[in-house]
Amino acid sequence: MGEPTTGDDEIVDDVDHHRLVVQVEGTEAELVYRRDGGKLVIVHTGVPEALGGHGVGGRLVAAALAMADDEGLTVVPWCPFARRWLREHPEAAPASVDWHTLPPRR
């Protein structure tokens, strides 16, 4: 079967379910978000094990950043993966990242 390909797989904004979705070789990965006023909160990034290590999660975070930039929103990375990815890729992190607003405790 080989390694998953990610170059041609389109990330789709599933607006009704507040998530960005990409299908790679029949396997779905997602980034769940919510809009809160002038903020785009990244809630969760879900990448199945079969797609792990192939940059799919990073592509989803980058797509969320682009969406926030297009809409003039501040990014609030609650998702641990998104927080780590943004710290590891400072060149991609927009100036408008709210690092201080943490998710509510359950």
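Predicted, not measured: the structure shown is a model, and the values here were computed from it.

Rules of the game
Residues numbered from 1 in each chain as written. Predicted model: local features only at pLDDT ≥ 70, side-chain atom pairs only at ≥ 80, totals over all residues. Heavy atoms only, no water. Phe/Tyr/Trp six-rings, centres within 6.5 Å; stacked < 30°, edge-to-face > 60°. Lys NZ or Arg CZ within 6 Å of the ring centre and 35° of its normal. Buried < 20%, exposed > 50% of the residue type's maximum accessible area, 1.4 Å probe, protein only. Helix = DSSP H or I, 4+ residues; strand = E, 2+ residues; numbered from the N terminus. Pairing = 2+ DSSP bridges.

For the rest of this paragraph, the subject is the packing of aromatic side chains. What characterises a pair of aromatic rings is the spacing of the ring centres plus the angle enclosed by the ring planes. Using the criterion set out here, one finds 0 aromatic pairs in the structure. Over the aromatic face of Trp99 sits the side chain of Arg87, whose NZ or CZ is 4.0 Å from the ring centroid.

Glancing now at the pairing of strand β2 (residues 19-24). Among the 6 residues of β2, 5 are classified as buried, and the element is accordingly described as predominantly covered. As judged from the 3 bridges shared by strand β1 (residues 12-14) and β2, these two strands associate in the antiparallel manner. The residue of β2 that forms the bridge with Asp14 is Arg19. Between β1 and the antiparallel strand that follows it, β2, lie 4 residues; His18 among them carries a positive phi value of about 55°. As defined by bridge partners, β2 adjoins strand β3 (residues 27-36) across 6 bridges and the pair is classed as antiparallel. By the bridge assignment, Val21 is partnered in β3 with Glu30. Linkage of β2 to β3, two consecutive antiparallel strands, is achieved through a turn of 2 residues, within which Glu25 is found at a positive phi near 50°.

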